[in-house]
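# Descriptive analysis of the structure
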Amino acid sequence: MRIGQVFPTEYESQLKAKLNLITKLLATYSTSEIEVFRSAPSHYRQRAEFRIWHDGDDIYHAMFDPETKQKVRIDYFPVACELIADFMPLLLSKIQYNHQLRYKLYQVDYLATLSGELLVSLIYKRQLDQVWQDAAQALAAELLPEMPVKIIGRARKQKIVLTDDFVTETVTVAKNTLAYQQIEGSFTQPNAGVNQKMLNWAAQVTSQLNGDLLELYCGNANFSLALAPYFNQVIATEISRTSIKSAQYNIALNNIDNVQVLQMSAEDVSKSLENGSALKHLELAGMALNTVLVDPPRAGLDPDTVNLVSRFNDIIYISCNPETLAMNLQCLNSTHRIVKAALFDQFPYSHHVETGVWLQKR
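Numbering of residues begins from 1 in every chain and follows the order in which that chain's sequence is written. Given that the model is predicted, a residue must reach a pLDDT of at least 70 before its local features are reported, and side-chain atom pairs must reach 80 or more before they are shown or counted; all residues, however, enter totals for whole chains, interfaces and linings. Only heavy atoms go into the side-chain values, all of them from the structure, while hydrogens and water stay out.

Here we take up the packing of aromatic side chains. Between the rings of Phe, Tyr and Trp (Trp by its six-membered ring), a pair exists once the centres lie within 6.5 Å; its type follows the angle of the planes, with under 30 degrees stacked, over 60 edge-to-face, and the other angles tilted. Summed over all chains, the structure comprises 11 aromatic pairs. With a centroid separation of 6.4 Å and an interplanar angle of 45 degrees, the aromatic rings of tyrosine 44 and tyrosine 349 are classed as tilted. Of this pair, tyrosine 44 sits in the loop between strand S1 (35–37) and strand S2 (47–55) while tyrosine 349 sits in the loop between strand S16 (336–344) and strand S17 (354–361), and the two are 305 residues apart along the sequence. Partly exposed describes any residue whose relative accessible area lies between the buried limit of under 20% and the exposed limit of over 50%, with all areas from a 1.4 Å probe on protein chains only and scaled to the type maximum. Residue classification places tyrosine 349 among the buried residues on the basis of a relative accessible area of 14%. Both rings, one in phenylalanine 50 and one in phenylalanine 77, keep their centres 4.9 Å apart while their planes meet at 85 degrees; by these two values the pair is edge-to-face. Placement of phenylalanine 50 in strand S2 and of phenylalanine 77 in the loop between strand S4 (71–74) and helix H2 (82–95) is noted, with a sequence separation of 27 residues between them. Neither phenylalanine 50 nor phenylalanine 77 differs from the other in exposure class; each is buried. Lysine and arginine charges are scored as sitting over a ring when NZ or CZ, respectively, is within 6 Å of the ring centre and within 35 degrees of the ring normal. Taking the ring centre of phenylalanine 166 as reference, the NZ or CZ of lysine 150 above it sits at 4.9 Å. Numbering of helices and strands starts at the N terminus; helices are DSSP runs of H or I of at least 4 residues and strands are runs of E of at least 2.

For sheets, the rule is that strands pair by backbone hydrogen bonds, running either parallel or antiparallel. A pair of strands counts as paired when DSSP detects no fewer than two bridges linking them. Read from one edge to the other, the open sheet built from 7 strands follows the order S4-S3-S2-S5-S6-S7-S8, with strand pairing classed as mixed. A strand with exactly one partner marks an edge of an open sheet, and here the two such strands are S4 and strand S8 (158–161). Strand-to-strand twist of the sheet, defined as the mean angle between neighbouring strand axes without regard to direction, takes the value 30 degrees. Note on definitions: a residue-residue contact is assigned when non-hydrogen atoms from the two residues lie within 4.5 Å. A fitted line through C-alpha atoms serves as each axis, taken over the contacting stretch for helices, and the angle formed by two N-to-C directions is quoted from 0 to 180°. Where H2 meets the sheet, its contacts fall on S2, strand S3 (58–64), S4, strand S5 (105–112) and strand S6 (118–124), and the angle it forms with S5 comes to roughly 145 degrees. Against the sheet, helix H4 (residues 130–143) makes contact with S6, strand S7 (150–155) and S8, and its axis sits at roughly 155 degrees relative to S7, the strand it touches most.

Put into structure tokens, the structure is as follows:
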């Protein structure tokens with residue numbers, strides 16, 4: 001399929017192919033029906049990154065085909081949410097003949113929210129000075145009546161923030177409204193609509209559980225905040241310092257008092273619990289850590305972490321790679337059975353698919 005395009009008439013067939021793949025991979029471990037959570041067939045991404053191509057007086061967004069490596073001109077991007085897609089040509093029209101903003105502009109990154117915020121990072125192959133900053137502030141003021149936008153300028157070892165370097169996303173989970181700080185350059189779920197469905201699925205699962213929750217790979221507390229009402233305590237761990245700070249900010253933003261975030265890798269958590277030692281400063285004696293949630297990178301869980309999660313009564317496994325999920329299930333199948341499984345179509349028209357499984361101790 002052509003890069004940067006959507007094909008709504010083919011959406012159901014591509015989703016069916018993903019469902020067939022997940023069904024086949026999970027057939028050994030579960031015969032229950034897989035819940036399917038669809039994406040919008042267009043305008044579904046809240047993040048987008050483009051090279052900026054200069055051709056005489058012309059200037060345009062460009063992407064590179066991952067297979068052919070050929071440059072593809074992007075004049076309109078229906079993959080992105082309408083906020084981004086509609087703003088892209090407007091931005092270029094404003095800077096096309098503005099030398100200070102256009103000169104050596106190399107890349108533009110966009111980050112938007114369902115709640116209507118937009119952050120734009122202009123990335124340059126030159127150092128930015130006060131003249132650039134004045135021009136960027138003038139652009140922000142000019143855009144304000146049409147679109148309030150936050151602008152960041154980046155160059156090598158340089159970052160200029162005009163107002164904020166984050167947006168605040170708002171989602172609804174089981175009738176609760178949650179706000180999430182999303183920092184420029186940090187990981188956030190790209191398909192916010194499907195992410196909201198994923199959080200609600202996890203909340204529906206955990207509403208049937210009790211005790212305390214251990215979460216690995218917590219990011220900016222995406223799941224931690226949504227699941228906090230269903231547990232006495234949530235202990236969430238993450239290795240990224242930026243994500244840890246954002247998670248702590250989000251906990252305070254939502255006035256949640258039963259979530260603690262620790263900067264630890266999954267491997268370090270495994271070693272600490274294997275040795276019976278505390279997690280950082282946190283003593284676990286007296287806690288009922290019955291449930292673990294994992295949302296690992298594409299490589300899946302390492303053997304030590306598989307061994308760790310196999311001790312829990314309930315496992316909620318969110319996977320961005322069904323192949324490594326299936327590999328981990330080969331080990332977990334001896335101790336746990338799949339109660340529920342779900343497909344979250346985070347990435348339409350691609351081979352990528354997000355899967356959720358709830359495993360319970362046999």
